[in-house]
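Listed below, chain by chain, are the residues.
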Amino acid sequence: MALEDDRRGPVIRVTGLRNSFGDQVIHENLDLEVRRGEIIGIVGGSGTGKTVLMRSIIGLQRYTAGEVEIFGRRVSGLGELEELELRRQFGVLFQNGALFSTLTVAENIEVPMREFYHIEDALMDEIAAYKIAMVGLPPDAGPKHPSELSGGMKKRAGLARALALDPRLLFLDEPTAGLDPIGAAAFDQLILQLRQALDLTVFLITHDLDTLHTICDRVAVLADKRVLTVGTIDELLAFDHPWVQEYFRGPRGRAALASTAAGG
Ligand SMILES: Nc1ncnc2c1ncn2[C@@H]1O[C@H](COP(=O)(O)OP(=O)(O)OP(=O)(O)O)[C@@H](O)[C@H]1O
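Residues numbered from 1 in each chain as written. Predicted model: local features only at pLDDT ≥ 70, side-chain atom pairs only at ≥ 80, totals over all residues.

An unreviewed UniProt entry lists the protein chain under the name ABC transporter ATP-binding protein, from Sphingosinicella microcystinivorans.

Following this line, the structure appears as structure tokens:
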């Protein structure tokens, strides 16, 4: 059953979200809208709940209050078929790539295909090879196991798996963490290219200021248990809050700003 698609509304709408673990309240009354086709960066100090927010949106975290809509549909209370149909429309790259270590790269990419479709093995291999090429991995990466790949290649393999079902929405949790600056910049460019080629909306958790400056259309700041503000970097630079000012105007923030201004 195809989900009704509200093309005018936001791709993701989170309203009044609350998450807590025991006595620890992570989110309280959190609102966020993600627009169609944008790359939105999610930033915030460690432990502010960026990953918990992502997990709430994709259905892996049971929140205690609030509502999440994806493509105009409430994600809670969906029937089994509708939930499957929704899950097919987004891909996720988890923080550590989360590849199955006993499977090859191609087999990893085929996992979601096997879950959702009945496709012949030969066709699945072809699709996996196409996804491998799409993320800039060499063809011989397919039969390799994750342990044989560099950190950057693992991220690309995880991305290929996230793209396995041709999603329209992509979630990336700290994709450039642990990459060297050249590898991180290349990954940023890959995300930009894929957004353009595949008409994607991207929800991107990152601490990487270069990534924020280079590829994000808007940035949402998590603080005080909610989304404190959302805006372009220029708008955030003018936002009067100690964490935001320290983050974007501290030494690293200034370096990233200077580098972007210089076209680097
Ligand atoms: N399953 C869980 N049980 C208990 N506490 C949890 C659970 N998952 C997350 N937390 C807590 O929720 C808070 C937010 O965690 P989360 O991983 O979302 O932070 P984050 O903003 O992504 O941090 P980082 O930038 O360090 O990755 C943390 O204090 C964490 O310990």
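This is not the end of the story, as more comes after the structure.
A look at the sheet that holds strand S5 (residues 73–74)
Our working definition: Two strands pair if DSSP finds at least two bridges between them. The helix count covers DSSP runs of H or I at least four residues long, the strand count covers runs of E at least two residues long, and both are numbered beginning at the N terminus.
The strand order across the open sheet built from four strands is S2-S1-S4-S5, with neighbouring strands paired in antiparallel fashion. A strand with exactly one partner marks an edge of an open sheet, and here the two such strands are strand S2 (24–34) and S5. Summarising the sheet, strand S1 (residues 12–21) and S2 pair through seven bridges and their orientation is antiparallel. Bridge assignment links Leu17 to a residue of S2, and that residue is Leu30.

Focus: the sheet that holds strand S7 (residues 169–173)
Definition in use: The axes are straight lines fitted to the C-alpha atoms, using for helices just the contacting stretch, and the angles between their N-to-C directions are given from 0 to 180°. Residues are defined as contacting one another if the C-beta atoms placed from their backbone atoms lie within 7 Å.
With mixed pairing, six strands are arranged side by side in an open sheet as S6-S7-S8-S3-S9-S10. Strands with a single pairing partner mark the edges of an open sheet, and in this sheet they are strand S6 (90–93) and strand S10 (226–231). For this sheet, the mean inter-axis angle between neighbouring strands, taken without regard to orientation, is 15°. Helix-sheet contacts for helix H1 (residues 50–57) involve strand S3 (39–44), S7, strand S8 (201–205) and strand S9 (218–223), and the interaxial angle to S8 is about 145°.

What about H1?
Test applied: Buried means a residue has 20 or more other C-beta atoms within 10 Å of its own C-beta, exposed means 12 or fewer, and partly exposed covers the counts in between; C-beta atoms are placed from the backbone.
Of all eight residues in H1, six are buried; the element is thus mostly enclosed. Three or more residues of H1 are buried, namely Lys50, Val52, Leu53, Met54, Ser56 and Ile57. Positive phi appears at Gly59, one or two residues downstream of H1, with a value of about 90°.

Overview of the site of the ligand
Note the following rule: The C-beta atom of each residue is placed using the backbone, and any residue whose C-beta lies within 6 Å of a molecule or strand is treated as near it.
Around the ligand, the neighbouring residues are Phe21, Ile26, Gly44, Ser46, Gly47, Thr48, Gly49, Lys50, Thr51 and Val52. Ranked by the residues each element gives to the shell around the ligand, the list is headed by H1, at three residues.

Section: helix H4 (residues 121–134)
Owing to its 3.6 residues per turn, the α-helix brings residues three or four apart onto one side. For clarity, the cut-off: One less than the number of residues in a helix, times 1.5 Å, gives the span that helix is expected to have. For this quantity, the arc is that covered by the directions from the helix axis to the C-beta atoms.
If you check H4, its first and last C-alpha atoms are 20 Å apart, about what 14 residues at 1.5 Å a residue would give, namely 20 Å. All buried positions along H4 are accounted for by Ala128, Lys131 and Ile132. For H4, the angular spread of buried residues about the axis comes to 100°, placing them on one side. In H4, the exposed positions angled more than 90 degrees off the buried face are occupied by Ala122, Leu123, Glu126 and Tyr130. Close packing links the buried residues of H4 with helix H3 (105–116) and helix H5 (151–162). In the segment just after H4, Gly136 is the residue with positive phi, at about 80°.

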